[in-house]
Amino acid sequence: MSKPQSDEQKRKQISVRGISVLEDVNEIKKGFNRHLHYTLVKDRNVATTRDYYFALAHTVKDHLVSRWIRTQQHYYERDPKRVYYLSLEYYMGRSLQNTMINLGIQTSCDEAMYQMGLDIEELEDLEEDAGLGNGGLGRLAACFLDSMATLGMPAYGYGIRYEYGIFAQKIKNGEQVEEPDDWLRYGNPWEKARPEYMIPIHFYGRVIDTPEGKKWVDTQTVFAMPYDNPIPGYGNNVVNTLRLWSAKSPVDFNLKFFNDGDYIQAVLDRNLAENISRVLYPNDNFFEGKELRLKQEYFMCAATLQDIVRRYKASKFGSRAAVRTSFDDFPNKVAIQLNDTHPSLAIPELMRILVDDEKLSWEQAWDVVTRTCAYTNHTVLPEALERWPVSLLQSILPRHLEIIYHINFLHLQNVEKHFPGDWDKMRSLSLVEEDGDKRINMANLSIVGSHAVNGVAAIHSEIIKKDIFRDFFAMCPEKFQNKTNGITPRRWLLLCNPGLSDLIAEKIGDEWPVHLEQLTKLKAFAKDPTFQRAVAKVKQENKLKLAQLLEKDYGVKVNPASMFDIQVKRIHEYKRQLLNCLHIITLYNRIKRDPTANFTPRTIMIGGKAAPGYYIAKQIIKLICSVGNVVNNDPIVGDKLKVIFLENYRVTLAEKIMPAADLSEQISTAGTEASGTGNMKFMLNGALTVGTLDGANVEMAEEMGNDNIFIFGMTVDEVEELKKKGYDATHYYNTNQDIKQCVDQIQGGFFSPGNPHEFQDIANVLMKYDRYYLFADYESYLKTQDEVSAVYQNQSKWLEMSINNIASSGKFSSDRTIAEYAREIWGVEPSWEKLPNPGEYK
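Residues numbered from 1 in each chain as written. Predicted model: local features only at pLDDT ≥ 70, side-chain atom pairs only at ≥ 80, totals over all residues. Heavy atoms only, no water.

An unreviewed UniProt entry annotates the protein chain as Alpha-1,4 glucan phosphorylase of Culex quinquefasciatus. The record in UniProt for the protein chain states the following under Catalytic activity (unreviewed entry): "[(1->4)-alpha-D-glucosyl](n) + phosphate = [(1->4)-alpha-D-glucosyl](n-1) + alpha-D-glucose 1-phosphate". (UniProt positions renumbered as here; feature names shortened; annotations may be inferred.)

### Digging into the overall build of the protein chain
For the protein chain, the count of helices and strands is 34 helices and 27 strands. Relative to the 2.2 N^0.38 estimate, which gives 28 Å for 842 residues, the radius of gyration of the protein chain is 28 Å and therefore close to what a compact globule would have. With the C-alpha coordinates aligned to their principal axes, the bounding extent of the protein chain is approximately 90 × 70 × 60 Å. By residue count, 61% of the 842 residues in the protein chain fall in the buried class. Long-range pairs, those at least 24 residues apart, make up 77% of the contacts in the protein chain between residues at least 6 apart in sequence. Element-wise, carbon and sulfur atoms account for 50% of the exposed surface of the protein chain, whose accessible area totals about 32,700 Å². In the protein chain, which carries 100 positive and 112 negative side-chain charges, the distance between the mean positions of the two groups comes to 3 Å. (Helix = DSSP H or I, 4+ residues; strand = E, 2+ residues; numbered from the N terminus. Rg over C-alpha atoms; globule rule 2.2 N^0.38 Å. Buried < 20%, exposed > 50% of the residue type's maximum accessible area, 1.4 Å probe, protein only. Contact = heavy atoms within 4.5 Å. Areas by Shrake-Rupley, 256 points an atom, 1.4 Å probe, with all protein chains shown as cover. Lys, Arg positive; Asp, Glu negative; His and termini not counted. Charge placed at Lys NZ, Arg CZ, Asp CG, Glu CD.)

### Side note on unusual backbone geometry
The phi dihedral of Val41 falls on the positive side, at around 55°, and the residue is not glycine. Along the polypeptide, Val41 turns up in the loop between helix H2 (25-39) and helix H3 (49-78). We classify Val41 as exposed; its relative accessible area is 65%. A positive phi is found at Asp218, a non-glycine position, where the angle reads about 55°. Within the element layout of this structure, Asp218 appears in the loop between strand S10 (213-217) and strand S11 (220-232).

### What about the packing of helix H12 (residues 346-357) against helix H15 (residues 398-418)?
Taken N-terminus to C-terminus, the directions of H12 and H15 make an angle of 95°; their axes are 9 Å apart at the nearest point. Taken together, the axes of H12 and H15 are roughly perpendicular relative to one another. Contact residues: Ile347, Pro348, Glu349, Met351, Arg352, Val355 and Asp356 in H12; Arg399, His400, Ile403, Ile404 and Ile407 in H15. Residues that form the contact of H12 with H15 fall into these classes: seven nonpolar, one polar and four charged. (Axes fitted to C-alpha atoms, helices over the stretch in contact; angles between N-to-C directions. Parallel < 35°, antiparallel > 145°, perpendicular 65-115°, else oblique. Nonpolar A, V, L, I, M, F, W, Y, C, P; charged D, E, K, R; others polar.)

### Some details on the domain arrangement of the protein chain
Here the protein chain is described as being made up of domain 1 (19-78 + 94-127), domain 2 (79-93 + 129-485) and domain 3 (498-711 + 782-811). Domain 1 and domain 3 are separated by 34 Å when their C-alpha centres are compared. (Domains from an automatic or database assignment.)

### What to know about the pairing of strand S6 (residues 175-179)
Where strand S5 (residues 168-172) and S6 come together, five bridges link them in antiparallel fashion. From the neighbouring strand, Gln169 faces S6, where its bridge partner is Glu178. Two successive antiparallel strands, S5 and S6, enclose a turn made up of two residues, where Asn173 displays a positive phi of approximately 55°. (Pairing = 2+ DSSP bridges.)

### Quick look at the sheet that holds strand S24 (residues 641-646)
Taken in spatial order, the six strands line up as S24-S23-S22-S25-S26-S27 in an open sheet, and their pairing is parallel. Sheet topology places S24 and strand S27 (710-711) at the edges, where each strand pairs with a single neighbour. Two elements, strand S22 (residues 563-568) and strand S25 (residues 663-666), share two bridges in a ladder whose sense is parallel. Looking at the pairing, Ile566 lines up with Ser664 of S25. Helix-sheet contacts for helix H22 (residues 529-554) involve S22, strand S23 (602-607) and S24, and the interaxial angle to S24 is about 70°.

### Concerning H15
Taking 1.5 Å per residue as the helical rise, H15 with its 21 residues ought to reach 30 Å, and the 30 Å between its terminal C-alpha atoms agrees with that figure. Burial in H15 covers these residues: Pro398, Arg399, His400, Leu401, Ile403, Ile404, Ile407, Asn408, His411, Leu412 and Val415. (Expected span 1.5 Å × (residues − 1).)

### A word on the layout of surface pockets
By volume, the second largest pocket is sized at about 1,000 Å³. Taken together, 37 residues line the second largest pocket, and the ones lying closest to its centre are Val380, Ile463, Asp467, Ile468 and Glu720. Within the residue set of the lining of the second largest pocket, elements represented by two or more residues are helix H16 (423-429), helix H17 (442-448), helix H18 (458-468), helix H19 (470-475) and helix H28 (716-725). The greatest single-element share of the lining of the second largest pocket, amounting to six residues, is contributed by H18. Its residues placed into classes, the lining of the second largest pocket shows 17 nonpolar, eight polar and 12 charged. Looking at the lining of the second largest pocket, you find at least three residues from each of domain 2 (79-93 + 129-485) and domain 3 (498-711 + 782-811). (1 Å grid on protein atoms, 1.4 Å probe; cavity = no way out; pocket = protein on both sides within 12 Å on 5 of 7 lines; lining within 4 Å. Points joined across faces, edges and corners; volume = space filled by probe spheres on them.)

### Observations regarding the pattern of salt bridges
Tallied over the entire structure, the rule returns 58 salt bridges. Between Arg470 and Asp471 there is a salt bridge, and its shortest N-O distance comes to 4.0 Å. Judged by its relative accessible area of 12%, Asp471 falls in the buried class. Within the structure, one salt-bridge network assembled from shared partners comprises Arg194, Asp228, Arg243, Asp307, Arg310 and Arg311. (Salt bridge = Lys/Arg side-chain N within 4 Å of Asp/Glu carboxyl O.)

### Describing the side chain of Asn236
By the element assignment, Asn236 lies in the loop between S11 and strand S12 (239-248). With a relative accessible area of 4%, Asn236 lands in the buried category. Residues contacting Asn236, with those up to four places away along its chain left out, are Ala149, Thr150, Gly152, Glu833, Lys834 and Leu835.

### Quick look at the sheet that holds strand S19 (residues 439-441)
Taken in spatial order, the three strands line up as S17-S19-S18 in an open sheet, and their pairing is antiparallel. A single partner strand is all that each edge strand has here, and the edge strands are strand S17 (387-389) and strand S18 (432-433). Two elements, S18 and S19, share two bridges in a ladder whose sense is antiparallel. Among the inter-strand pairings, Val432 is bridged to a residue of S19, identified as Ile440.

### Some remarks on the environment of Glu702
For Glu702, the position within the fold is in helix H27 (residues 697-704). Placed 74 residues apart in sequence, Glu702 and Ala776 show a C-alpha to C-alpha distance of 25 Å.

### Description of empty space enclosed by the protein
Using the criterion set out here, one finds 11 cavities of 30 Å³ or more in the structure. Here the largest cavity is characterised by a volume of approximately 590 Å³. Taken together, 37 residues line the largest cavity, and the ones lying closest to its centre are Gly135, Gly136, Leu137, Arg570 and Lys575. Elements represented by at least two residues in the lining of the largest cavity include exactly helix H7 (136-150), helix H25 (651-657) and helix H26 (678-684).

### Examining the pairing of S22
Burial analysis of S22 places six of its six residues in the buried class, which makes it a mostly covered element. Along S22, one buried face is formed by Met563, Asp565 and Gln567 and the opposite face, lined by Phe564, Ile566 and Val568, is buried too. In this structure, S22 lies alongside S23, joined through six bridges in parallel fashion. Following the sheet pairing, Met563 is matched in S23 by Arg602.

### Topic: the side chain of Gln169
Mapped onto the elements of the fold, Gln169 is located in strand S5. Taking relative accessible area as the criterion, Gln169 reaches 0% and is therefore assigned buried. Looking at Gln169, its side chain comes within polar contact range of the side chain of Gln176, at 2.8 Å. Here the side chain of Gln169 touches Gly608 through a polar contact of 2.9 Å, landing on its backbone oxygen. In contact with Gln169, not counting residues within four places along its chain, are Gln176, Val177, Gly608, Lys609, Ala610, Ile621, Phe645, Leu646, Glu647, Asn648 and Tyr649. (Polar contact = N/O pair within 3.5 Å; in protein donor to acceptor, adjacent residues only side chain to side chain.)

### Side note on the nonpolar core
Within the largest apolar cluster, 185 residues are counted, with the highest numbers of intra-cluster contacts made by Met148, Phe203, Phe299, Ile336 and Trp826. Element by element, the count of residues in this core is highest for helix H10 (residues 291-314), at 11 residues. Structurally, this core is a two-domain feature, drawing no fewer than three residues from each of domain 2 (79-93 + 129-485) and domain 3 (498-711 + 782-811). Once residues lying within four places of it in the same chain are set aside, the contact partners of Trp826 are Lys81, Val83, Met148, Met153, Ala335, Gln337, Ile818 and Tyr821. Counting 62 residues, the second largest nonpolar core, distinct from the first, contains Tyr588, Val643, Ile739 and Met767. (Core = buried A, V, L, I, M, F, W, Y, C linked by side-chain atoms within 4.5 Å.)

Written out as structure tokens, the structure reads:
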């Protein structure tokens, strides 16, 4: 059971949270008992710990509801321009603790549970992660929602309520096994179903010409049922909405089934419609043209667009409520942000609504669409870019294919004006790719249909202008922008690292959670031995907690004084977990060669999920586990080196890992990682980074200075040069003894004695098919890692660098990112408005 806090601790916590009034502990106890009895129909004699979690969640939600309703009323009264963020992924994690912190009631809830003999941490641990995302893209969307609410912006997230989120990863015999993530099995206390706003979505059918225009007929209908989730801002009483759509079968049955006596089959067939929102696709960096995925994308876009139009029409304007009939004001009242190309069908769908349903002319409709929509690109990997086969679109969305063809026809006329007679430009800029099977390039559609296109880090935005969208940039340079990603400091410092949060507040005050740039004041204390000791104490406490978790969950006893060297992210060749693995093998070989040599102890942790169909990524996991098995059981190595593969990496595990990390591995080949946000979370929690000049690492180095980060490897230009010259892995194998030893051990069965050829495919990737040039960066990586080890032995220097990292994190707040989107793309001014407390309304 958690120890009750003293009044002084409570005051300090309230000060850190920036909340002046403690909610009444007795009110929370009353609400808790009311929900236990009347919502869950239990008493203390039969209630389980999970029942107590639900009772607490409902009690906390009670504090949200009046704020939620009032926020929506406030938007209705003001009729501001609204922002709609469309994403197929939202990696929300858990909501309970985050909600308590943002509402300022965490201390009261903690005290109330203690007085009732309950441990709030135990209750929090029973909440299922809402894992409706694969990784960075989905977690970014979650951070953005938090920032939009905290900045007081009238914003809505839209996505899909997947019944099964990202799979639960189990490691069995060193191999990844996927298990379904049945996150809704106990219900979700945070959501509110809204069947009154159910929307029909159409598929298949055919298009006919009528005197009134085109008509899409003979379609199959699926209903989209909205579930609303509250998104509380921090300390400002604003609660925005994340609306997730669930697929429901039409309620009416074909009477023919009754006549045929096949009633049972009629009922069973309803499930086919509902498969649309059944499961999240786990491949977010490899495009596979699957019919179900296309249906998911259209389902979300169509439901969302109809909802946006309904809200626009029903908005109050002027001094009265009336139905808007004109769409002239639509771009002044609506901003739609496409999070990657997954929601790009929003462009032809909005055209369909405006032209077919609302009877606007094509020119008027296109003007509305392009002024309303904006597109964020998240990847430069060619295999990740969406290209839908024309045959599939013709079958499932025939009207939209017609619209896309007409968009392309008019677009190519425009291209001809810019580049007369240049057929290469026509081919490159066309929405329709005709080499092989005809496909629609969804990135090209997104650019043509948007008024703004942005990358997510300065270097990434330059790459898309100079490389993948070079011809578009030449044609319309004014569209292209950069918006460097950010993370919410509420979850990624305040929630996950309360010890460090308290320490920071003591030094610089309590406004930093909403003004992260204030962390720069900490630079004055970077060399202060007293502050260094305090930071070291917090880090050590976080490392001890993680060490206990590792011993409990993995049976591996780690040395808490060792450097915690961590790489957590999706397993993908471009993220180069294999390079990390080569370093581990090299360290192991060094220890074996000279066990008495001076060695900086390391606990190396690697975590992440491989897409189920990504064979090499799964082999990389198996290799890491096999290397760990050898290293961890070698008595000569002892506690100098431990290797742990972190099973089922997710938001909740990240919240435990980031505060305990000493070293963050951000080692992708320069020019492949769009931004990264894990790198920012580690930095904010005082871990040092070893990384390439890729993604946001470049801007992190600019913020903190090269003296506070460990940069290695080729630059983007050097990678391009190597690509042109030709990369020969055998050259490095023959000239570098360490590389040769690693490869020989991998392919010779040293780490797989039971099956000597187990990792032959990994060796083949390294020697023959490596697109990410691991050996070219290996020597630089090793040299830099030796420098890391040397600095770690000088703890005063390490802590100075660590404090400088924290102090330089201000730029990487998602509040800053969202404020830039708002001003430079959406035409909305962040208000930082604080609404009155519930009960203070007239």
